[in-house]
Amino acid sequence: MKSLLLIHTGGTLSMEAKKSGGLVAKELTNILDHIVPEINNIANITHKQLFQIDSSHINISHIQKIAQTLFEERLNYDGFVITHGTDTMAYTASALSFMLRNFGKPIILTGAQRPLYKPRTDAKINLIDAVTTATLSNYNEIAIVFDSTIYRGVRSSKYKINEYDAFRSYNMAPIGKLGVEIEFYNNAKYIKKKKILFKYYPKLNSNIFVFKVFPGIEFSNFNFIKKPNAIILEAFGAGNLDATDNLVRYIKKNEEIPVIIYSQVNKGKVNLNLYESGVILKSLGAIGSGNMTFEALIFKTMHLLSYSSNKKAILRNITKNLVGELDN
Ligand code: ASP
């Protein structure tokens, strides 16, 4: 039997109602053997409770703690499952994808929309599916397993609040499905185990400013208290916005800050060559984020800010597929 480390971080899966109101995350280490004993028939399981939080409270040091644990335990287990809240699961999956390159073993994130102790919970099946996926011999990605579907972590986003199929991979088909049989889709090239050197990148520079535009936005009110190391503009459609005013003056004045254009539309690719609006942004030195998810873009930018020597290298790498995060 394969050996798995289950790293618990909180989220609805582990939550119980508090008397004063609202769900709070609980420790899982000692209860899973009683509530979901089936997982012990699938693998030799060790539990590690890193923290128990609502994942909307996750910060960079929590993510670094998860990454550091995976780095330290990498050689001790065949695979890893992380229980995590759904709110930021796609962010953590994306972060880990850039931090733990060519990890060579499956890292599967899962959680639930209804807590473990509640009737009709999805926690048990999600956990069983995640443990099963982490034991598959020819699969070694960082993935989200949810609602019996395997998604590449760095391509995933949470898209439903109230339904069991909480995740989606807008610009890439899911990797597979855990139905009566486990079925992998046409992504065989991603499934193969690659023998590439493992590398750990623990640093994340989160000094990024994200600006979501809307019709009527007043860039004239716009001011930074602290100078960011990168600016992400969440534009319309193919990457368009009315690049006038104060913001442009700021971008021109601070030429050293990389400016990346993301789109408010989830499906498709940013294209700064299509409209004059995009061409103007491009002439200011901005670059499009391709068809990356917002979660992937945020952590790719943090990662590149920490490990690239200059703005040119950051912008070049934004458009390059580093860990399967975009098509190019
Ligand atoms: N707020 C919860 C969390 O992200 C939501 C969930 O787990 O579904 O921790």
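Residues numbered from 1 in each chain as written. Predicted model: local features only at pLDDT ≥ 70, side-chain atom pairs only at ≥ 80, totals over all residues. Heavy atoms only, no water.

Undergrad: Any details on helix 3 (residues 60–73)? Residues and values, ideally.
TA: Here helix 3 is 14 residues long and its end C-alpha atoms lie 20 Å apart, about the 20 Å a rise of 1.5 Å per residue gives. Listed in full, the buried residues belonging to helix 3 are Ile-60, His-62, Ile-63, Ile-66, Ala-67, Thr-69, Leu-70 and Glu-73. (Helix = DSSP H or I, 4+ residues; strand = E, 2+ residues; numbered from the N terminus. Expected span 1.5 Å × (residues − 1). Buried < 20%, exposed > 50% of the residue type's maximum accessible area, 1.4 Å probe, protein only.)

Undergrad: Can you break down the sheet that holds strand 18 (residues 287–288) residue by residue, with the values?
TA: Strand-to-strand pairing in sheets goes through backbone hydrogen bonds, with the strands running parallel or antiparallel. In spatial order, the strands read 15-16-17-18; together these 4 strands make up an open sheet with parallel pairing. Unpaired on one side and paired on the other, strand 15 (208–212) and strand 18 mark the two borders of the sheet. Bridging between strand 15 and strand 16 (residues 230–235) involves 5 bridges; their strand directions are parallel. Across the sheet, residue Phe-209 finds its bridge partner in strand 16, namely Ile-231. (Pairing = 2+ DSSP bridges.)

Undergrad: If you had to explain the nonpolar core to someone new, which residues and values would you point to?
TA: It is characteristic of soluble globular proteins that their nonpolar side chains tend to be buried jointly. Residues Leu-70, Leu-100, Ile-144 and Phe-299 are the most contacted members of the largest nonpolar core, which totals 54 residues. Top contributing element to this core by residue count: helix 9 (residues 294–307), with 8 residues. With residues up to four places along the chain from it excluded, the contact list for Ile-144 reads Met-89, Ala-90, Ala-93, Leu-109, Thr-149, Ile-150, Tyr-151, Gly-153, Ser-156 and Phe-167. Grouped together as the second largest cluster of nonpolar side chains are 27 residues, Leu-32, Leu-116, Leu-127 and Leu-178 included. (Core = buried A, V, L, I, M, F, W, Y, C linked by side-chain atoms within 4.5 Å. Contact = heavy atoms within 4.5 Å.)

Undergrad: Tell me about the sheet that holds strand 4 (residues 44–53), and please be specific about residues and values.
TA: Spatially, 4-1-5-7-8-9-12-13 is the arrangement adopted by the 8 strands of the open sheet, whose pairing is mixed. The open sheet has two free edges, formed respectively by strand 4 and strand 13 (182–184), since each of these has just one partner strand. On average, adjacent strands in this sheet sit at an angle of 20° to one another, irrespective of strand direction. Pairing geometry for strand 9 (residues 149–152) and strand 12 (residues 176–178), over 2 bridges, is antiparallel. What sits directly across from Ile-150, in strand 12, is Gly-176. Along the sheet, helix 4 (residues 89–99) makes contact with strand 5 (79–83), strand 7 (107–110) and strand 8 (142–146), crossing strand 8 at roughly 160°. (Axes fitted to C-alpha atoms, helices over the stretch in contact; angles between N-to-C directions.)

Undergrad: Mind laying out the pairing of strand 17 (residues 259–263), listing which residues take part and the relevant values?
TA: Extensive coverage of strand 17 is indicated by the burial of 5 of its 5 residues. Across the two faces of strand 17 the burial is the same, with Val-259, Ile-261 and Ser-263 and Ile-260 and Tyr-262 all buried. Two strands pair when backbone bridges link them, and strand 16 and strand 17 are joined in this way by 5 bridges, in the parallel orientation. Note that in strand 17 the partner of Leu-233 across the bridge is Ile-261. Where strand 17 meets strand 18, 2 bridges bridge the pair, whose relative direction is parallel. Counted as the bridge partner of Ile-261 is Gly-288 from strand 18. Running through helix 8 (residues 276–283), the crossover from strand 17 to the neighbouring parallel element strand 18 is right-handed. (Right-handed = clockwise from strand over helix to strand, strands pointing away.)

Undergrad: Can you explain unusual backbone geometry? Please cite residues and give values.
TA: Positive phi, close to 60°, is recorded for Arg-120, a residue that is not glycine. Along the chain, the position of Arg-120 falls in the loop between strand 7 and helix 5 (123–134). Its identity is not glycine, yet Asp-147 carries a phi of approximately 50°, on the positive side. With respect to the helices and strands, the residue Asp-147 is situated in the loop between strand 8 and strand 9. Using a relative accessible area of 30% as the deciding quantity, one classes Asp-147 as partly exposed.

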